[in-house]
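# Descriptive structure summary
Below are the chains, spelled out letter by letter.
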Amino acid sequence: KRISTLALPLAAAFLAPLPVHAQQAGETQAEPGPAPSATIYDAEIVARYPHDPAAFTQGLLWHDGQLYESTGLEGQSQIRKVDLATGDVLAAQAIPADQFGEGMALWGDELVSLTWMDRVIHRWSLDTLEPVRSDPFPFEGWGLTAVDSMLVASDGSATLRFLDPETYAVEREVEVTLDGRPIARLNELEAADGLIWANQWYSQVIVGIDPADGTIRRIVDLSPLVAEVDAAQNGAVRNGAVLNGIAHDPASGRWFVTGKLWPTMFEVRLVPRE
Ligand code: DDQ
Ligand code: CA
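Residues numbered from 1 in each chain as written. Chains lettered and ligands numbered in written order. Predicted model: local features only at pLDDT ≥ 70, side-chain atom pairs only at ≥ 80, totals over all residues. Heavy atoms only, no water.

## Observations regarding the confidence of the model for the protein chain
Counting all residues, the mean pLDDT for the protein chain is 90, and 86% of those residues have values of 70 or more. Counting contacts from residues 1-13, a segment whose pLDDT is below 50, to residues more than four positions away or on other chains yields 18 contacts. Within the model, pLDDT remains below 50 along residues 15-27, and this stretch shows 16 contacts once partners closer than five positions in the same chain are excluded. Taken over the whole predicted complex, pTM reads 0.89, whereas the ipTM for its chain interfaces reads 0.93. (pLDDT = per-residue confidence, 0-100. Contact = heavy atoms within 4.5 Å.)

If you want it as structure tokens, here you go:
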């Protein structure tokens, strides 16, 4: 069987076994298959900015010249306005201390944020970050973004749910697949260029998903960034400190990526691999 050497690191990233505590029944290391049908991209590093190494990044977005971040861990979860150049927190609101903050999206002049297993969804003023309202939410919360007139949420499975942005009613669902195979553990989300871009928990790639049918059309290899951060920390990767966080500025076309507890925010350019 002919195996593309270019596909190998990506396949390895996709199929890397989860840490034992998170391993799902029946999930085993598969043989590397043929190159995936999606287009492979490399992330060319344009700039590096400081990122709060205490921020357990769960949501990241750029709006109108400003970076916003939501963070997780119980007792440390916040909604933040962050200065890109310095990494300084310009403003912050605490998520209730018994809750685990997750992904965040912009809707109108409000930020909407998920919680992991607390079954509550919050809204915050974009301007002041003051809390606006909180509502019950029946799903596990991982990533959140806004596409057209709907919110899109991940829950750690291969399913994306399209939600009414006011009532959070589920309007439709898609299963995310690569070559027909469901791709689970979808985490932080970002809508850009007609696709939904997703981190995959504990992998070193970002995938670009067709919102119409869930097909993965693009795979961005971020393994060099992960390697750089790991090396800077002498390989002492802290618990849960994985690649997470994607922000796109539609005005400039800039992309920002980081990770949970990472000291660096990377600005990258997505370059199709030859
Ligand atoms: N989720 O964000 C992927 C949904 C859950 C992440 C849970 C990670 C727990 C790590 C705990 C580290 C404690 C130091
Ligand atoms: Ca995002």
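## Structural notes on the site of ligand 1
Lining the immediate environment of ligand 1, one finds Phe56, Gln58, Phe100, Glu102, Trp116, Trp142, Asn187, Trp201, Asn239 and Lys260. Between ligand 1 and Glu102 there is a distance of 2.6 Å, counted from an oxygen atom to a side-chain nitrogen or oxygen. Here an oxygen atom of ligand 1 sits 3.3 Å away from a polar atom, N or O, in the side chain of Lys260. Of the residues assigned to the shell around ligand 1, the class counts are 5 nonpolar, 3 polar and 2 charged. (Near = heavy atom within 4 Å. Polar contact = N/O pair within 3.5 Å; in protein donor to acceptor, adjacent residues only side chain to side chain. Nonpolar A, V, L, I, M, F, W, Y, C, P; charged D, E, K, R; others polar.)

## So, the pairing of strand β20 (residues 243-249)
Within β20, 7 of the 7 residues are buried, which leaves it mostly tucked inside the rest of the structure. Strand direction decides the pairing type here: β20 and strand β21 (residues 254-259), joined by 5 bridges, are antiparallel. Note that in β21 the partner of His248 across the bridge is Trp255. Hairpin connection, β20 to β21: the antiparallel pair is bridged by 4 residues, and Gly253 has positive phi, about 80°. (Buried < 20%, exposed > 50% of the residue type's maximum accessible area, 1.4 Å probe, protein only. Helix = DSSP H or I, 4+ residues; strand = E, 2+ residues; numbered from the N terminus. Pairing = 2+ DSSP bridges.)

## Side note on the coordination of the calcium ion (ligand 2)
Within the protein, the calcium ion (ligand 2) binds to Leu60 (O), Glu188 (OE), Glu188 (OE), Leu189 (O), Glu190 (OE) and Ile246 (O); these donor distances fall in the range 2.3 to 2.9 Å. Around the calcium ion (ligand 2) sit 6 donor atoms, and with donor-metal-donor angles ranging over 47 to 166° the site reads as irregular. Taken in sequence order, the residues that donate to the calcium ion (ligand 2) follow the motif L-x127-E-L-E-x55-I. The residues Leu189 and Glu190 share a single accessibility class, namely buried. (Donors = N, O, S within 2.8 Å, 3.2 Å for Na, K, Ca; no water. Tetrahedral: all angles 85-135°; square planar, octahedral: opposite > 155°, others 65-115°.)

## Topic: the nonpolar core
One recurring pattern in soluble globular proteins: nonpolar side chains tend to sit buried together. Within the largest apolar cluster, 19 residues are counted, with the highest numbers of intra-cluster contacts made by Leu160, Leu186, Ile196, Val207, Ile209, Ile216 and Ile219. At the level of secondary structure, the elements contributing two or more residues to this core comprise β12 (159-163), β16 (186-192), β17 (195-200), β18 (205-209) and β19 (216-221). Here the element with the most residues in this core is β18; it accounts for 3 residues. The contacts of Leu186, once residues within four sequence positions are left out, are Trp142, Ser154, Gly156, Ser157, Ala158, Leu160, Val176, Ala198, Asn199, Val207 and Ile209. With 18 residues, the next largest nonpolar core counts Ala192, Trp197, Val226 and Ile246 among its residues. (Core = buried A, V, L, I, M, F, W, Y, C linked by side-chain atoms within 4.5 Å.)

## A word on the side chain of Glu267
The residue Glu267 is located in strand β22 (residues 264-272) in this model. There is a polar contact of 3.4 Å between the side chain of Glu267 and the side chain of Arg254. In this structure Glu267 touches Glu44, Ile45, Val46, Ala47, Tyr49, Arg254, Trp255 and Phe256, once residues within four positions along its chain are discounted.

## A few points about unusual backbone geometry
Unlike most non-glycine residues, Arg185 shows phi in positive territory, near 65°. Within the secondary structure layout, Arg185 lies in the loop between β15 (181-182) and β16. The class of Arg185 is buried, set by a relative accessible area of 6%. For Leu261, which is not glycine, the phi dihedral falls at a positive 65°. Residue classification places Leu261 among the buried residues on the basis of a relative accessible area of 9%.

## Points about the sheet that holds β21
Pairing in this open sheet of 8 strands is mixed, and the strands run β16-β17-β18-β19-β1-β22-β21-β20 from one edge to the other. Because the sheet does not close on itself, it has two edges, and the strands there are β16 and β20. On average, each strand axis in the sheet is inclined to that of its neighbour by 30°, with strand direction left out of account. With 3 bridges connecting them, β21 and β22 associate as antiparallel partners. Bridging from a neighbouring strand, Phe256 pairs with Glu267 of β22. (Axes fitted to C-alpha atoms, helices over the stretch in contact; angles between N-to-C directions.)

## Quick word on the pattern of salt bridges
Here the structure, examined in full by the defined rule, presents 14 salt bridges. Here Arg48 ties to Glu228 by a salt bridge, and the two come within 2.8 Å at their closest N and O atoms. Of this pair, Arg48 sits in strand β1 (residues 39-50) while Glu228 sits in helix α2 (residues 223-232), placing them 180 residues apart in sequence. Classification of Glu228 by relative accessible area gives partly exposed; the value is 28%. With a shortest N-O distance of 3.9 Å, Arg123 and Glu166 are connected by a salt bridge. Residue Arg123 is located in strand β8 (residues 120-125), and its partner Glu166 is located in the loop between β12 and β13 (170-175); the two are separated by 43 residues in the primary sequence. Overall, the relative accessible area of 2% leaves Arg123 in the buried class. Classification of Glu166 by relative accessible area gives partly exposed; the value is 44%. (Salt bridge = Lys/Arg side-chain N within 4 Å of Asp/Glu carboxyl O.)

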